[in-house]
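Per-entry structural report
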Protein chains: 2
Amino acid sequence: MVPAQETRAPEVTLDEIVALCKRRGFIFPSSEIYGGIGSTYDYGHYGVLLRNNVKAEWWRAMLSDHEEIVALDSAVIQHPKVWEASGHIGGFTDPLIDCRTCKLRFRADKLEDAECGRKPSKHPGEHSECDLTEARQFNLMFETHVGPLKDSASVAYLRPETAQGIFINFKNVLQFARRKPPFGIAQIGKSFRNEITTGNFIFRTREFEQMEMEYFVPPDEAPKWHEYWMEERMRWFTDLGIRSAGLRLREHGPDELSHYSSATSDIEYLFPMGWSELEGIANRGDFDLRQHTEFSGEKLEYFDPDTKEAYVPHVIEPAAGADRAMLAFIVDAYDTEEVEGRKRTVLRLHPRLAPVKAAVLPLVSKEGMPERARAIYDEVRSKVAAEYDEGGSIGRRYRRQDEIGTPWGITVDGQTADDGTVTLRDRDSLEQVRLPAEGIAEHLAAKLAEAWRSPKLD
Amino acid sequence: MVPAQETRAPEVTLDEIVALCKRRGFIFPSSEIYGGIGSTYDYGHYGVLLRNNVKAEWWRAMLSDHEEIVALDSAVIQHPKVWEASGHIGGFTDPLIDCRTCKLRFRADKLEDAECGRKPSKHPGEHSECDLTEARQFNLMFETHVGPLKDSASVAYLRPETAQGIFINFKNVLQFARRKPPFGIAQIGKSFRNEITTGNFIFRTREFEQMEMEYFVPPDEAPKWHEYWMEERMRWFTDLGIRSAGLRLREHGPDELSHYSSATSDIEYLFPMGWSELEGIANRGDFDLRQHTEFSGEKLEYFDPDTKEAYVPHVIEPAAGADRAMLAFIVDAYDTEEVEGRKRTVLRLHPRLAPVKAAVLPLVSKEGMPERARAIYDEVRSKVAAEYDEGGSIGRRYRRQDEIGTPWGITVDGQTADDGTVTLRDRDSLEQVRLPAEGIAEHLAAKLAEAWRSPKLD
């Protein structure tokens, strides 16, 4: 994050987002009936649908747009040697400090934001009463034991990233998927980090879903592909509706770079808490393949049949978080406005991301409207994700659909019985047009297909 | 599993399935370059696509066919009280026996299949040299610690099932998704069990993906809905091509029933190792909601506005494994036959499950065929999942597509340049028909839509 003065005035607070997500069943605090378990969330109906759409768009960008990329889904609990080779056992740590007085534990690099446990003050960083230890390194991997014995031989870890599962399958993909550089291996899956400092809703949690792709290239082509993927990934977010004013690409300084990376740029988004990392695009060089070669004894290289020479490919890695991306899409889509003297909250989600594409609503629950609306609904949902809703006033039902981001509302009213037309309401412009009910499903399917390359305007 | 004499002669061995899955990049043993980690698998490209299709069909059956079912995705690491209430901390155990001589540990109920570590013999169950302890209960949940301290207060578990994440969100769904019984909550996600006896490829592994739905109903309707879901779930498998001769519904005897269940039936499939559980459909009664009410103090009940009475719904649970279902689909689809004196291996997967729907192949890599094939490929893949392949002889490429289960092959040959036609090859019948290349994408999309309710014949 960069200093506060560089942030624009936030248009929505995180509290407002959290409230909407709970109210509309996107995201609930986990284990809430037991008082919760810090920074852990369960996704409700619309949350599952929205995140599934985010993941589907990522797969589309990776697989449909790139024949040279293949999919992978590796295990969460891998051989512990994997994490030795990757450097996670040795180096994936946070420095922690204990207080002998208040018994609390703090991150040494965040001490200034922390409060003493015995005498919490309004002045974080005030630890005058504290008796602090030296900082000690604390590994962020969750540890467990495989098998019935709990000893050092049975220790295993929950993966802290999906990337290593890709590197250890490099040879399988070369051999069985017949790929040659440049080629990519893409994976979506959960990772786990025993973070001390979680927070900002689903921005930083202990379990989270990653979308990572490792792109293996001839060494001299690495800088070119690094540029390529930075551009591609920025475009993915803007194509799906994120305003470019809320996005930026920030290159890591030499002091920030991970041990494996020669160059990394972060795509940052202007979240309510300020500019924060949305996705990292790293040039990992040949670090990982060489490490796994050293630790496993398996040669991880590509033999080029043209030059008759073997080489270790370099790796470009776009690494995104599905939850974090989803949060950015919600924040960017969140809007309020006054309509006829009433405040309206609306999620202006890209139609491809919206959990529900169309709502079919009878104006009132009588005069045959529900039956006609149901028939239209059955037609519409055979083409696009749709909902039928007849409960409560039409205004209340519109507001509900606005808040879950449904782009189109189809209303059946008195006139429908007479001339077979319905109104089609546009979520963003609030424009309502009358259309024949017949063919409206195809009309919406076409609009959805059309929406693909028409991002929101800034 | 039932005794061997009741099984039909297996048509395919598990070894053949494992070999195909590796050869064609469906499934690899995990961490293989480090010698593997027992019974853990990584899914390669076609494995990811196939399992994604299985999951998509499950979501379709749950959500698209049932407006009253909503989706959920709960956390893997939940509040430890969840597992106290569910009975997992107390009762989710296997009885283990140690040998003081050979230092091995055995499952007491599988002692007859195990070999002594000091004197492995060809006669399992021969433990004459062993000095065995009494059986002790061993909990199957993976344990870890949240936060930097490893003490009893920080103990947490990886969920052994997704179901409990649903029960603890019962109130959220009632309140925010405005549902009333009968309604369902469906979830797909990974679960983890520290199994001592794993095996049979992806049939029983320590991490696996579950597809579980909890259906909340008025108590007196529970038997009716239990019947309903047994039928629905059987039909799901046969609709997706599993031969009904390989499927059966088996009711648990009173001695088999779980503590929470008043009635359970398993859908069993005739795997190469014999009849084994594919999916369980349990009547869980009100056990779980009552337990969580007791342990959390939160009333988990439904207030019926018509009768003005509150009641605790009963629960019907169809619980399937995505990996296990995928294995059944592969086994059932696996076939070999002799074609023109050569053995052909083919996966007769239902077109909706097939990872690739159509392969576009130039007969040879010259005379403009690759260019024409590419143009057709671009058209086809805009409608259905497709692959382009120009490497090697046409026979070899067909065999490759047969083994990954691609239902349709489009071949561009010399005649294509003359009259714009291609051949369309059917994976199952091997019939080849000539068709205009124009419109072939739409033709296949229509065939795919049509394939929906046309299961394979027995």
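Here is what the cut-offs are and how they apply
- Residues numbered from 1 in each chain as written.
- Chains lettered and ligands numbered in written order.
- Predicted model: local features only at pLDDT ≥ 70, side-chain atom pairs only at ≥ 80, totals over all residues.
- Heavy atoms only, no water.
- Helix = DSSP H or I, 4+ residues; strand = E, 2+ residues; numbered from the N terminus.
- Buried < 20%, exposed > 50% of the residue type's maximum accessible area, 1.4 Å probe, protein only.
- Pairing = 2+ DSSP bridges.
- Axes fitted to C-alpha atoms, helices over the stretch in contact; angles between N-to-C directions.
- Arc of directions from axis to C-beta.
- Phe/Tyr/Trp six-rings, centres within 6.5 Å; stacked < 30°, edge-to-face > 60°.
- Contact = heavy atoms within 4.5 Å.
- Buried area = accessible area lost by both parts, 1.4 Å probe.
- Salt bridge = Lys/Arg side-chain N within 4 Å of Asp/Glu carboxyl O.
- Nonpolar A, V, L, I, M, F, W, Y, C, P; charged D, E, K, R; others polar.
- Least-squares fit on C-alpha atoms with pLDDT ≥ 70 in both.
- Core = buried A, V, L, I, M, F, W, Y, C linked by side-chain atoms within 4.5 Å.
- Left-handed = near helix turned anticlockwise from the far one by under 90°.

Here we take up unusual backbone geometry. Both trends apply: most residues other than glycine have a negative phi, and most peptide bonds are in trans. All names here are of chain A. Residue proline 182 is reached from proline 181 by a cis peptide bond, and omega for that bond is -5°. Within the element layout of this structure, proline 182 appears in the loop between α6 (170-176) and β9 (183-192). One non-glycine residue, serine 31, lies in the positive phi region at around 55°. Within the secondary structure, serine 31 is located in the loop between β1 (27-29) and β2 (41-43). A residue is classified by how much of its surface remains accessible, and serine 31, at 1% relative accessible area, is buried. In this model, lysine 308 sits at a positive phi of 60°, which is unusual for a non-glycine residue. Within the fold, lysine 308 resides in the loop between β14 (302-304) and β15 (309-311). Residue lysine 308 is classed as exposed on the basis of its relative accessible area, which comes to 60%.

In sheet architecture, strand pairing relies on hydrogen bonds along the backbone and comes in two forms, parallel and antiparallel. Residues and elements named next belong to chain A. Here we have three strands laid out as an open sheet, ordered β5-β4-β6, and antiparallel in their pairing. At either end of the open sheet lies a strand with only one pairing partner, and these are β5 (105-107) and β6 (136-139). Each strand of the sheet is rotated relative to its neighbour by a mean of 45°, with strand direction disregarded. Across three bridges, the pairing between strand β4 (residues 93-98) and β5 is antiparallel. Among the inter-strand pairings, aspartate 98 is bridged to a residue of β5, identified as arginine 105.

Before going further, it helps to examine helix α13 (residues 440-450) of chain A. Residue and element names in this part refer to chain A. Ile440, Ala441, Leu444 and Leu448 are the residues of α13 that are buried. The buried residues of α13 all sit within an arc of 105° when viewed along its axis, so they share a single face. Opposite its buried face, α13 presents the exposed residues Ala449 and Glu450, each directed more than 90 degrees away.

Before going further, it helps to examine the packing of aromatic side chains. Overall, the coordinates contain 38 aromatic pairs over all chains when judged by the stated rule. Judged by centre distance (5.1 Å) and plane angle (25°), the rings of phenylalanine 183 of chain B and phenylalanine 216 of chain B are stacked. Here phenylalanine 183 of chain B is found in strand β9 (residues 183-192), whereas its partner phenylalanine 216 of chain B is found in strand β10 (residues 207-217), with 33 residues between them in sequence. Side by side, phenylalanine 183 of chain B and phenylalanine 216 of chain B carry an identical accessibility label, which is buried. Seen in terms of ring centroids, phenylalanine 203 of chain B and phenylalanine 271 of chain B are 5.2 Å apart; in terms of plane orientation they differ by 70°. Their pairing is edge-to-face. Note that phenylalanine 203 of chain B is positioned in the loop between β9 and β10 and phenylalanine 271 of chain B in strand β12 (residues 263-271), a separation of 68 residues in sequence. The pair phenylalanine 203 of chain B / phenylalanine 271 of chain B is uniform in exposure class, with both members buried. Here the aromatic residues Phe167, Phe170, Phe183 and Phe216 of chain A are joined through ring pairs into a cluster of three or more.

Residue and element names in this part refer to chain B. Looking at chain direction, strand β17 (residues 334-339) and strand β18 (residues 342-347) are connected through six bridges and run antiparallel. Bridging from a neighbouring strand, valine 339 pairs with arginine 342 of β18. Count of turn residues in the β17/β18 antiparallel hairpin: two residues, of which glutamate 340 carries a positive phi of about 50°.

This part covers the interface of chain B and chain A. Facing the 74 residues of chain B at the interface are 74 residues of chain A. Counting the surface lost from both chain B and chain A, the interface buries some 6100 Å², and carbon and sulfur atoms represent 56% of this. The three residues of chain B that bury the most area against chain A are Ile33, Tyr34 and Phe176 of chain B, which together make up 13% of that side's buried surface. There are eight salt bridges connecting chain B and chain A. We note a salt bridge from aspartate 73 of chain A to arginine 51 of chain B, for which the minimum N-O separation is 2.2 Å. The leading source of residues in the side of chain B that touches chain A is helix α2 (residues 45-64) of chain B, at eight residues. Classifying every residue of the side of chain B that touches chain A by side-chain character gives 34 nonpolar, 20 polar and 20 charged.

Further remarks concern the sheet that holds strand β6 (residues 136-139) of chain B. Residue and element names in this part refer to chain B. Ordered in space as β5-β4-β6, the three strands form an open sheet in which the pairing is antiparallel. Taken across any chain shown, the strands that pair with only one partner, and hence form the sheet edges, are β5 (105-107) and β6. The average undirected angle you get between the axes of adjacent strands in this sheet is 45°.

Turning our attention to the relation of the copies chain B and chain A. Mapping chain B onto chain A is achieved by rotating through 180° and translating by 0.0 Å along the same axis, at an RMSD of 0.1 Å. Interpreted geometrically, this transformation is the action of a two-fold axis. For chain B, the minimum C-alpha distance to the rotation axis belongs to threonine 144 of chain B and amounts to 2.6 Å.

To continue, consider the nonpolar core. Soluble, globular proteins show a tendency: their nonpolar side chains are buried together. Counting 123 residues, the largest nonpolar core has Phe329 of chain A together with Phe329 of chain B as its most contacted members. With residues up to four places along the chain from it excluded, the contact list for phenylalanine 329 of chain A reads Val54, Trp236, Phe237, Leu240, Ile242, Leu349 and Leu353 of chain A.

Between two packed helices, both the angle of their axes relative to each other and the distance between the axes serve to describe the pair. Residue and element names in this part refer to chain A. Where helix α10 (residues 369-381) meets α13, the closest approach of the two axes is 8 Å, and the angle between their N-to-C directions is 40°. The crossing of α10 and α13 is right-handed. Contact with α10, carried on its side by Ile376, Glu379 and Val380, involves Ile440, Ala441, Glu442 and Leu444 of α13 and no other residues of that element. A breakdown of the residues in the contact of α10 with α13 according to their chemical character gives five nonpolar, no polar and two charged.

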